[in-house]
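# Secondary and tertiary structure notes
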Number of protein chains: 6
Amino acid sequence: MHTRKVPLSTDVDVSVLARSTPGFTGADLENLVNEAALLAARNDKENVNMVDLELAKDKVMMGAERRSMLISDEEKRNTAYHEAGHALVAKLLPGADPVHKVTIIPRGMALGLTQQLPVDEKHTYAKEYLLNNLVILFGGRVAEELVLEHITTGAGNDIEKATDLVRRMVCEWGMSEKLGPMTFGKKEEEIFLGRDFTQKADYSKTTAIEIDAEIRRIIQESYQRAKELLTTNLRLLHKVAEELLENEVLDGSEIDVIVRAFNLNGGDPLTSSSTAAIA
Amino acid sequence: MHTRKVPLSTDVDVSVLARSTPGFTGADLENLVNEAALLAARNDKENVNMVDLELAKDKVMMGAERRSMLISDEEKRNTAYHEAGHALVAKLLPGADPVHKVTIIPRGMALGLTQQLPVDEKHTYAKEYLLNNLVILFGGRVAEELVLEHITTGAGNDIEKATDLVRRMVCEWGMSEKLGPMTFGKKEEEIFLGRDFTQKADYSKTTAIEIDAEIRRIIQESYQRAKELLTTNLRLLHKVAEELLENEVLDGSEIDVIVRAFNLNGGDPLTSSSTAAIA
Amino acid sequence: MHTRKVPLSTDVDVSVLARSTPGFTGADLENLVNEAALLAARNDKENVNMVDLELAKDKVMMGAERRSMLISDEEKRNTAYHEAGHALVAKLLPGADPVHKVTIIPRGMALGLTQQLPVDEKHTYAKEYLLNNLVILFGGRVAEELVLEHITTGAGNDIEKATDLVRRMVCEWGMSEKLGPMTFGKKEEEIFLGRDFTQKADYSKTTAIEIDAEIRRIIQESYQRAKELLTTNLRLLHKVAEELLENEVLDGSEIDVIVRAFNLNGGDPLTSSSTAAIA
Amino acid sequence: MHTRKVPLSTDVDVSVLARSTPGFTGADLENLVNEAALLAARNDKENVNMVDLELAKDKVMMGAERRSMLISDEEKRNTAYHEAGHALVAKLLPGADPVHKVTIIPRGMALGLTQQLPVDEKHTYAKEYLLNNLVILFGGRVAEELVLEHITTGAGNDIEKATDLVRRMVCEWGMSEKLGPMTFGKKEEEIFLGRDFTQKADYSKTTAIEIDAEIRRIIQESYQRAKELLTTNLRLLHKVAEELLENEVLDGSEIDVIVRAFNLNGGDPLTSSSTAAIA
Amino acid sequence: MHTRKVPLSTDVDVSVLARSTPGFTGADLENLVNEAALLAARNDKENVNMVDLELAKDKVMMGAERRSMLISDEEKRNTAYHEAGHALVAKLLPGADPVHKVTIIPRGMALGLTQQLPVDEKHTYAKEYLLNNLVILFGGRVAEELVLEHITTGAGNDIEKATDLVRRMVCEWGMSEKLGPMTFGKKEEEIFLGRDFTQKADYSKTTAIEIDAEIRRIIQESYQRAKELLTTNLRLLHKVAEELLENEVLDGSEIDVIVRAFNLNGGDPLTSSSTAAIA
Amino acid sequence: MHTRKVPLSTDVDVSVLARSTPGFTGADLENLVNEAALLAARNDKENVNMVDLELAKDKVMMGAERRSMLISDEEKRNTAYHEAGHALVAKLLPGADPVHKVTIIPRGMALGLTQQLPVDEKHTYAKEYLLNNLVILFGGRVAEELVLEHITTGAGNDIEKATDLVRRMVCEWGMSEKLGPMTFGKKEEEIFLGRDFTQKADYSKTTAIEIDAEIRRIIQESYQRAKELLTTNLRLLHKVAEELLENEVLDGSEIDVIVRAFNLNGGDPLTSSSTAAIA
C-alpha cells in the first residue's frame, strides 16, 4: 500500500479506496493519495480524510472542476437532463456497472459527467454487457429529445463512442450473428501510417454494405431501448434532473434514494429492463 | 479585469465590452484594450473612450480595414446586397444571434462582413440554431440571385461553410433522423497525415449515397428558406442594401431602426420566420 | 507612384499604365518601369517613352519573345487561326474583357498568345462572365476545326484551363443549378500532401457521376457557342488570321479596325452573341 | 548440445526436451536451459531437473505467469470453458497436433492458454491440417456459446487468427477450388509502406466479393464443425472444464486420462471427427 | 556553329547535320561533333568526315551498339520482321515522318530500332499525325503475328508507348469526339508524390468506363489499320525483312530503293494508306 | 575467359560451363570458378575438375544445400512428387527449356528444386513459351493433388509466380486477344513509393473485371493442361518420384533414361503435349 508516508485520518478505509479505483496501478494510487494530501494541506488539515481522498479521486479520474466557466441557465438545464438520462438508464438496466457519481459541474472539456464503477475489474466483456453500455450512452440524447424542445451537439461524444463500440462488436469480436465469427479490417491499435491502407483491401464493397447495415441496426435498436426505458420512467427522469440542478452533484446512493422514494410514491421504474438480444 | 494600466475614459462600461466579446480570454481582452490605447494615442486623445474600444474590437475580430482597395461600383453594389441578405435573414429569424455590425468596407480578404454576437456564450448548439445559421449563410447568395442579374463567386466561402456545417450535423452530431444517432468518418480535428485515410474505410458506398442525399436535402431546404424569407421582404432588402451603400457600415441598432421604420410604413417582415424542422 | 527615379518621356501617361496592369502591386510596377528603362538604355534613348513601357509590360506579363524559334509555315498558319479564334470570340462576346493584344511571335512555351485586359480590377466573378471565358478558351480549337483540316495538341492548355474553371464553378462556387449551392471536394489551395486524400471521402460515387455530367454539359455547350459564333463570322475569322499572319502582332484597336471595316463591307458579326444561361 | 556448462540432474532426457521444442534454434535452447538453471538456483537446488526445464520452457513459450492478477470467479469459469473447448476439439480431431498443456493461470496478456506441440517439425501444411486448426480456434467461442449464457470479447484473438488463416488459404495458397490456384493481393511479408497500396490494384470488385464469400463460407463451416463436435461431447466438455477449474493446469496425458475415463463410463467422443472437405 | 575547333573534312555539310537532329540544342550538337572526332581519332583519321558524324549521331540518339550480344537466329529473324513492320508502315503512311534508319544490331536495351526523322521540327501535333504514329507502333507486333508462328514480349515497349499516347489524346488533348474537349486526370508532368492522388478524385467510375472504351477502340482500330496495311503488302514486308537480315542496317533511301524495285516488279504497295478518321 | 589463375583439371570444358550459365556476366563466372577452387581446396585436390565446377554452379544458382534440415518422411515424399511433377511436365512439353537437374535436398528456403536451362539465351519470350512455363509451374501442385491425399502450402511460391506471369502477359505484353495490344497499370519496375498509386487511376472497374476473368481463364486452362499431361503419364510420374526419393538428385540425362526406359516398356508419354492456344 502506498499510503504510509502521508498521515491518514483514522476514518480512512484503504480497501474501499482500492476497490473504487479498478485498473489503478500502485503508482496511480500513490499519485491519488499525494493529490489528497495537497488538498488537505491547502485547507490546513492535519490528516488526510476520506473526503479529501474522494475529491482527489474525482479530479484524477474525471479532470479538474471548472466552476468559473460561464454556463447559461438553458445549457445547465440541458446538461442536467442529459446526465440524468445517462444515470437513470444505468441505474435501471440490470447487469450494468453501478453509478458512482453524476455531476453538472464542468470538468475538463465536459459540461457534465456520469461515472460508473464496476464491482469487479473486467478483462473480457460479454456481449450483453456491451449492449447495455450502448443503451446508457444513448440515455443522454434521448433525455434531451424527450423532455426538451431540441437535440444538441452535446451528445456528439456519446454518439462517437457508441459507433466505435458497435463497430468493434461487429468487426473485431465476431458478435454479429449475421456476419459471423470473423474480423473485418485491422484492429484500432494496429493502425499507423501505411498499415492503415490495408484496411481497405480487406473486404469487398458488398461486405461493407452488410457491415453498415448491421452497425446501424444495433445503433437504432439500442437508441430505441433507451427511449422506451426513459419514456416509461419519464417522471423519475424529471425527478433526477431536478435534484441534479439543485445539488449539482449526486452520488450513487443519493440516486438510489430518489428511485426508492419514487417507487414508494407509486412509480414502477423496472418494467422495461429486458436486455433483448439485439445483436 | 485587464483595463487598469490604461487611462480609460469615464464613459467606458467594461461589462458591455466583456459581454460583446464572447470567447475572449483575459489575454485577448488585454490585447484589445492595448489596441484601443494605440488608436487613442494616434489621435492625441488623453483617454481611451468607447469608440476607440469598438474600433479596436472590430479590427481584432474582423481584420484590418482596407479602405485603399479599388472596388468598382458594380462590385460595391453586389457586396451591399450580399451583406444585406445575410444581415436581414439574421434579423428576421427568431433565435438567431443578434446582428452586431454589417460593413462593405473591405477587411482582410473579404469585400464585406456581417457580424453576429450571441447573447450568452454557447458550449453546445441546438439543431434548430444550426439550421438557422445555414439560412443566414445562404442569405448573401440569395440576395444576389433575387435582386441582381447574376450570381458571383463571392458566395464561395459561405457555401463552403454551409457544406461543412451540414456535414458535421449529419456525420458527427447524429442530427439526421434518417441516418440516425451515429458518426460517419472521423471528426475534423482527428484528421492528420495518415489517419486521414481511415475515413474511407469507415462506411460503404451505399451509406455514402445516403449521406450525400441527406446533406443535399438540408442544403436545398435551407437555401429555399432563405429565398422565401428574402422574397417576402424584398422591399426591406432593398432598403437595407441602399442604407449600406450610403453609410458603408451599419450596426445592429441602425438595422433595427430601418426594420421598424419599414414596419410603420406598412411592411410586415415577420411572416415567413417559421423554423421548419428541416433535418 | 514608383516612376520618379527614371527620366520618363513627357508622352508617358502613368494613369494609363496603371489601369492596363490590374493586379500589379507597387513592386510589380517598379519592376516594369526598370525593365522599360533597360530597353531604352539598350537603344541609347534619353527618356523612357510609352513604347518602351508597353514592350516591358508584354515581357513581364507574357514572357520574353523567342523570335529565333524555328516554326514551319504550317504551324504558323495553325497558330494564327488559333489565336484569331480566341481574339474574335473575345471581341464578339458582350461583357468579355477587351482584347489587349494578339501575337503569333512565340513567347515562353507558347507559339502565340491572346491577351485580354479587364476595364476594372475584379475581386469576384459573375457566372456569365465565367461562361464567356469558357467560350473564349474554346475559340482557338474551334477555329482550327472549322478552317484547317486538323485539330492539334496546341489547344491542350486551353482545354485544361476550361476544365479546371468549370470544375470550380460546379464544385466550389455552387454555380450549377442541378447540384445546388454546396461544395464538393476541397478547394485547390487546401490541397497538400495528405489532406489531398480527403477529397475522395467527400462525396459518393453517385454524386461523382452527377458532377461529371454537369461539367461535361457546360463544356460541350460552351464549345458549341464558340462554334456557332465563329461559323457565323467565318469570313471575319479568315480576315483576322490573315492580318495576324502578315503583321505577327495585332493590338485591340487594330482588331477593332478590322471588325469595323468588315462591317462596312457588309458583314454582320454580332448576330450570335447571346449569353445563353448555360449552367 | 547446449546443456554442458550447467549441472543437469541425471533424470534429464535431452532428446525429449529437444523434441518438445520444435523450431527452437541452438541459441533458443541455450536460453531455455539458462532459464531453468535460474529457477533451480532460486530454489537452492544443486541440479537442474526435468521439472525446472518444463517450467522454463512454459515461460519461454507462453510468457511469464501472472498469478497476482485479480480474476473474478465468473471470468475464471468463462476461461476454463473457453480453454477446455480448444483443448477438447484438438484432442478429438484426428491429425491435429497433440495437446501439450492447458492452463487458466494468466500468462502475458492472456487469461488462459492451450498449447499444442507437433510430432514432427513441419515446413509445409496440408489443407486439411489447416482446416482442423480453424476448428480448434473456434473451440473456445463455441464452448462459451454452448455452456455459458453469453459470448465474450475473449475470443477476439482466436477470431482474428482464424480470419487471417482462411485469407491466406484462399489468397496465398490457392486452396479454394472456386477461386483456383492463383494469388490475390500481395503476401503479408511483402507489405511495407508504399508497396502496400498495390494490394488494391490487384483484383476487381467482383473478385473481392467472391473472395469474401469463400472466406466466410470456410469460417462458418469450421465454426459449425466445432459446434457439432462439442455438442456431441458436451458432457466431456463439462468434465474437462471442471478439472481445469480445480487444477488450473492440465497436461496432455491428464486430458487423455479424463477422455479415457469418460469413455469407460459410456461416453463416445469420437463420433463427429470427420474432416469434411470444407474448402 | 560548334564545329570550328575540330578539323572537319571538306565533304561535311553542316546544314544537313543540323536538319537531321531536330530538337538538338547547341550543346547537344557540340557533344555530337566531339563524339565524331573521337571516332575519327580512334581510326587514325586526320579529318572528321560525314561517316564519323553519322555514326556519332546514331550513338547519341539510339544508344551504343552492342555487337557482342549473343542473339539466336530465331530471335534475329523475329527482330528483322518486327523492325521491317515498323519501317514499312512508316514508309507507306502518307504524312508520317520519313524513315531515317532501321537496324537489327542491338543498341542499349533494344534488339533493333527503327528511327524516323521529321522534315520540320514540330511543336504541336495534329490528331491524324498521332493516329499514324499508333499504326507505326503496332507495325512490329503485327508483322510478328502475320509472318511468324508466334507473338513475343518484344512488342511490350511499343504497346506501352501506344497506350500512353492514346491516353493523352483522349484525356489531355480533347481528341475524342465522344468525350469532348476537356481533360481527365492531371497531366503526366504534374504527377509527383502526393499530388498524384488527385487523379482519382477527378472523374467518376462511369467516366472511367467511357475513357477505357474510347482508348480501347482507338487502340484496336489502329492495330487493325496496321494489319490491313501489312497484309496488303505482305510480299514487300518479306523483302524488307530479308534485306535487313542480310545487311543488318538499312537507311531511308535503301528502303525507298526496295519499295520502288518492288513496284516495278508489279507490286502495288499504296492501296491501303487511307488515314481513316479513327478517333 | 576468367579461369586462368586457378589450376583447372584437363577434363574441364570451359565452353560447356559457359553455355550452362546463361545470363552470367564475366564477374559471375569468375565468382563461380573461385567457389569451385574453394571446394577443391577443402577436399585437398590439386586441380579444379568438372565435378567441383558443377557443385559450385548449383550453389551459386540454387542456394547452399541444407542437408542438416530435419524433414519428415511424409514431407520428403510430398516434395518428391511435387518436383517430379514439375520435371516431368517440363520434359513432356515440346519447346520447353530442357530440365537440368531436380533435387529434394533442401536449398535456401526450398525443400526441393527443379532447374531448367535454356539452349540459347533469350531476350524476348514467345507467348507459347510462356504458356508452357505456366503448365510447368502447376506441375508440382497437380502431382500432389493426383497422387497424394492432400494439397499443401508448398505450392504457394509456384502459384504466386504463375499469377504474376499471367498478369504480365495480359497487362504488359498485350497477349490476351480479348483485351488487345495495350497495357493496363504500370510495369512492375516503375513501382516505387508514390508512383505506385497511379496504377489505380489507369483503368476502370469494368476493365478490372475483364482483366480478372482473363487471368483466371488462363490460370485454369494451364492448370488443366498440367492435370491432363500428368494423368496421362501417371505411371511415369510415380517412376520419376520414386527414383528421386531413392537418389535425392536427378540430372536431365537421368530423367531421359527413365522416360526412355518407360517408353520401351510400353508407356506412351507424348500423347497430350499439344500446346493449345490458351490465351
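Residues numbered from 1 in each chain as written. Chains lettered and ligands numbered in written order. Predicted model: local features only at pLDDT ≥ 70, side-chain atom pairs only at ≥ 80, totals over all residues. Heavy atoms only, no water.

### Overview of the overall build of chain A
The test is simple: Secondary structure counts use DSSP, requiring at least four H or I residues in a row for a helix and at least two E residues in a row for a strand, with both numbered from the N terminus. Working definition: with a 1.4 Å probe on protein chains only, accessible area under 20% of the residue-type maximum means buried, over 50% means exposed, and in between means partly exposed. It only takes one pair of heavy atoms within 4.5 Å for two residues to be counted as in contact. Per-residue accessibility takes into account occlusion by the displayed protein chains alone, with areas from the Shrake-Rupley method and a 1.4 Å probe.
Secondary structure summary: chain A contains 10 helices and 3 strands in total. Walking chain A from its N terminus toward its C terminus, one meets helices and strands in the order α-α-α-α-β-β-α-α-α-α-α-β-α. Looking at the 279 residues of chain A, the share that counts as buried comes to 53%. For chain A, the proportion of contacts with a sequence separation of at least 24, taken over those separated by at least 6, is 71%. Put simply, chain A shows about 12,600 Å² of open surface, and 51% of that area lies on carbon and sulfur atoms.

### What about the environment of E:Gly185?
Residues and elements named next belong to chain E. Examined against the element boundaries, Gly185 turns out to sit in the loop between α6 (156-171) and α7 (198-201). On the accessibility criterion, Gly185 (11% relative accessible area) is buried. In the structure, Gly185 is positioned 70 residues away from Ile255 in sequence and 42 Å away in space, judged by C-alpha atoms.

### With respect to unusual backbone geometry
All names here are of chain A. For Glu248, which is not glycine, the phi dihedral falls at a positive 70°. By secondary structure assignment, the location of Glu248 is in the loop between α9 (234-247) and β3 (249-251). Among the residues examined, Glu248 registers a relative accessible area of 24% and is labelled partly exposed.

### So, the sheet that holds strand β1 (residues 99-103) of chain E
All names here are of chain E. Let me state the cut-off plainly: At least two DSSP bridges between two strands are required for those strands to pair. To get an axis, a line is fitted to the C-alpha atoms, and for a helix only the part in contact is used. The angle between two axes follows their N-to-C directions and goes from 0 to 180 degrees.
Strand order in the open sheet made by the 3 strands is β2-β1-β3, with antiparallel pairing throughout. Looking at strand neighbours, the two that pair on one side only are β2 (113-116) and β3 (249-251), the edges of this open sheet. Put simply, the sheet's adjacent strands are angled 10° from each other on average, direction ignored. Relative to β3, β1 is paired through 3 bridges, and the arrangement is antiparallel. Residue pairing across strands places Thr103 opposite Val249, the latter belonging to β3. In the packing of helix α4 (residues 73-92) onto the sheet, the strands contacted are β1 and β2, and the crossing angle to β1 comes to about 165°.

### A closer look at helix α4 (residues 73-92) of chain D
Each α-helix turn comprises 3.6 residues. Residues three or four places apart therefore point the same way. Selection criterion: Helix span is expected to be 1.5 Å times the residue number reduced by one.
Spanning 20 residues, α4(D) covers 28 Å between terminal C-alpha atoms, matching the ideal 28 Å at 1.5 Å per step. The element α4(D) is extensively covered by neighbouring structure, given that 15 of its 20 residues are classed as buried.

### Some thoughts on the sheet that holds strand β3 (residues 249-251) of chain C
All names here are of chain C. Taken together, the 3 strands give an open sheet; going across it, the order is β2-β1-β3, and neighbouring strands pair in antiparallel fashion. Strands with a single pairing partner mark the edges of an open sheet, and in this sheet they are β2 (113-116) and β3. Here the strands of the sheet are splayed against their neighbours by 10° on average, with no regard to which way each runs. On the sheet, helix α3 (residues 50-62) packs against β1 (99-103) and β2 and is oriented at approximately 80° with respect to β1. Docked against the sheet, helix α9 (residues 234-247) engages β1 and β3, running at close to 120° with respect to β3.

### Observations regarding the pairing of strand β1 (residues 99-103) of chain B
Residue and element names in this part refer to chain B. Most of β1 sits inside the fold, with 5 of its 5 residues counted as buried. By the bridge criterion, 4 bridges tie β1 to strand β2 (residues 113-116) in an arrangement that is antiparallel. Within the sheet, the bridge partner assigned to Val102 lies in β2 and is Thr114.

### Considerations on the packing of aromatic side chains
Note on aromatic pairs: each is described by the distance of the centres and the angle between the planes. Residues and elements named next belong to chain A. The condition is simple: Pairing of aromatic side chains requires ring centres within 6.5 Å, counting the rings of Phe and Tyr and the six-membered ring of Trp. Pairs whose planes differ by under 30 degrees are stacked, by over 60 edge-to-face, and all others tilted.
By the definition in use, this model includes 18 aromatic pairs over all chains. Ring plane angle 75° and centroid distance 6.1 Å describe the contact between Phe184 and Tyr203, whose orientation is recorded as edge-to-face. With Phe184 in the loop between α6 (156-171) and α7 (198-201) and Tyr203 in the loop between α7 and α8 (205-232), this residue pair connects regions lying 19 residues apart in the sequence. Relative accessible area serves as the criterion here: at 6%, Phe184 is assigned to the buried category.

### Some thoughts on the packing of helix α5 (residues 127-147) of chain F against helix α6 (residues 156-171) of chain F
Residues and elements named next belong to chain F. How we decide: Working rule for angles: under 35 degrees goes down as roughly parallel, over 145 as roughly antiparallel, 65 to 115 as roughly perpendicular, anything else as oblique. Handedness of a crossing follows from how the near helix is turned relative to the far one, being left-handed for an anticlockwise turn of less than a right angle and right-handed for a clockwise one.
As a packed pair, α5 and α6 sit with axes 9 Å apart at the nearest point and diverge in direction by 160°. Comparing the axis directions of α5 and α6 gives the class roughly antiparallel. Where α5 crosses over α6, the two elements pack in a sense that is left-handed. Taken together, the residues of α6 that come into contact with α5 (itself represented by Lys127, Leu130, Leu131, Asn133, Leu134, Leu137, Phe138 and Arg141) are Asp158, Ile159, Lys161, Ala162, Leu165, Val166 and Met169.

### Some remarks on a negative patch on the surface
In plain terms, the rule: Any residue with relative accessible area above 30% and no salt bridge may belong to a patch, with like charges joined within 9 Å and the nonpolar Val, Leu, Ile, Met, Phe, Trp and Tyr side chains within 5 Å. Note on definitions: salt bridges are taken to be side-chain nitrogens of Lys or Arg within 4 Å of carboxyl oxygens of Asp or Glu. Positive charge is attributed to Lys and Arg, negative charge to Asp and Glu, and no charge count is given to His or to the chain ends. To locate a charge, the coordinates of NZ of Lys, CZ of Arg, CG of Asp or CD of Glu are taken.
A cluster of like negative charges, contributed by A:Asp73, A:Glu74, A:Glu149, B:Asp120 and B:Glu128, occupies part of the molecular surface. With respect to the secondary-structure elements, A:Asp73 resides in helix α4 (residues 73-92).

### Considering the packing of α8(A) against helix α8 (residues 205-232) of chain B
Heads up, the condition is: Classification used: nonpolar for Ala, Val, Leu, Ile, Met, Phe, Trp, Tyr, Cys and Pro, charged for Asp, Glu, Lys and Arg, polar for all others including Gly.
At their nearest, the axes of α8(A) and α8(B) sit 7 Å apart, and the two run at 60° to each other. As judged from the angle between their axes, α8(A) and α8(B) are oblique. From α8(A), A:Lys205, A:Ile209, A:Asp212 and A:Arg216 reach across to α8(B), where they touch B:Lys205, B:Thr206, B:Thr207 and B:Glu210. In the contact of α8(A) with α8(B), the residues fall into 1 nonpolar, 2 polar and 5 charged.

### Looking at the confidence of the model for chain A
Residue and element names in this part refer to chain A. Our working definition: Confidence scores per residue from the predictor, reported as pLDDT, run from 0 to 100.
With 87% of its residues at a pLDDT of 70 or more, chain A shows a mean pLDDT of 85. Low confidence marks residues 187-201, where pLDDT is under 50. Its contacts with residues over four positions away, or in another chain, come to 40 contacts. Within the model, pLDDT remains below 50 along residues 271-277, and this stretch shows 15 contacts once partners closer than five positions in the same chain are excluded. Here the complex is predicted with pTM 0.87, and the ipTM for its interfaces comes to 0.83.

### Considerations on a positive patch on the surface
On the surface, a cluster of positive charge is made up of B:Lys205, C:Lys205, D:Lys205, E:Lys205 and F:Lys205. One can find C:Lys205 in helix α8 (residues 205-232).

### Considerations on the domain arrangement of chain A
All names here are of chain A. Inclusion rule: Domain start and end points were adopted from an automatic or database domain assignment. Simply put, the buried area is the total loss of 1.4 Å probe accessible area from both parts when two parts are fitted together.
Looking at the assigned domains, one finds that chain A contains domain 1 (14-62) and domain 2 (73-278). The partner domain 2 presents 8 residues to the 9 residues of domain 1 that form the contact. A per-residue breakdown of the area domain 1 buries against domain 2 is headed by Pro22, Asp58 and Met62, which together make up 60% of the total. At the boundary of domain 1 with domain 2, the tally comes to 2 salt bridges. The partner of Lys101 in a salt bridge is Asp58, with the nearest N and O atoms 2.1 Å apart.

### Regarding α5(F)
Residues and elements named next belong to chain F. Definition in use: Throughout, the bend at a residue refers to the angle made by two axes, fitted to the seven residues ending there and to the seven starting there.
Taking 1.5 Å of rise per residue, 21 residues should cover 30 Å, and α5 covers 30 Å from first to last C-alpha, within 8% of that figure. The sharpest bend along α5 measures roughly 40° and falls at Gly139. Of all the 21 residues making up α5, 18 are buried; the element is thus mostly covered by neighbouring parts of the structure.

### Considering the pattern of salt bridges
Tallied over the entire structure, the rule returns 86 salt bridges over all chains. We note a salt bridge from B:Glu248 to B:Arg67, for which the minimum N-O separation is 3.5 Å. Taken together, the residues span a long stretch of sequence, with B:Glu248 in the loop between α9 (234-247) and β3 (249-251) and B:Arg67 in the loop between α3 (50-62) and α4 (73-92) at a distance of 181 residues. For E:Glu54, the salt bridge identified is with E:Lys101, shortest N-O distance 3.7 Å. Placement of the pair is E:Glu54 in helix α3 (residues 50-62) and E:Lys101 in strand β1, with a sequence separation of 47 residues. Residue classification places E:Lys101 among the buried residues on the basis of a relative accessible area of 10%. Taken together, the shared-partner salt bridges connect A:Glu54, A:Lys57, A:Asp58 and A:Lys101 into one network.

### So, the environment of C:Leu32
All names here are of chain C. With respect to the element layout, Leu32 can be found in helix α2 (residues 26-42). Accessibility expressed as a relative area gives 0% for Leu32, which makes it buried. Between the alpha carbons of Leu32 and Arg67 there is a distance of 21 Å; along the sequence they are 35 residues apart. The residues touching Leu32, leaving out its near neighbours within four places in the chain, are Leu17, Thr21, Phe24, Leu53, Ala56 and Lys57.

### Section: the side chain of A:His86
Residue and element names in this part refer to chain A. We apply this condition: Nitrogen and oxygen atoms within 3.5 Å of one another constitute a polar contact, given that in protein one can donate a hydrogen and the other can accept it, and given that sequence-neighbouring residues count only through two side-chain atoms.
Mapping His86 onto the fold places it in helix α4. Here His86 falls in the buried class, since its relative accessible area comes to 7%. A distance of 2.8 Å separates the side chain of His86 from the backbone oxygen of Ile136, its partner in a polar contact. At 3.0 Å, the side chain of His86 and the side chain of Asp158 are in polar contact. Not counting residues up to four positions away in its chain, the partners in contact with His86 are Thr114, Ile136, Leu137, Gly139, Gly140 and Asp158.

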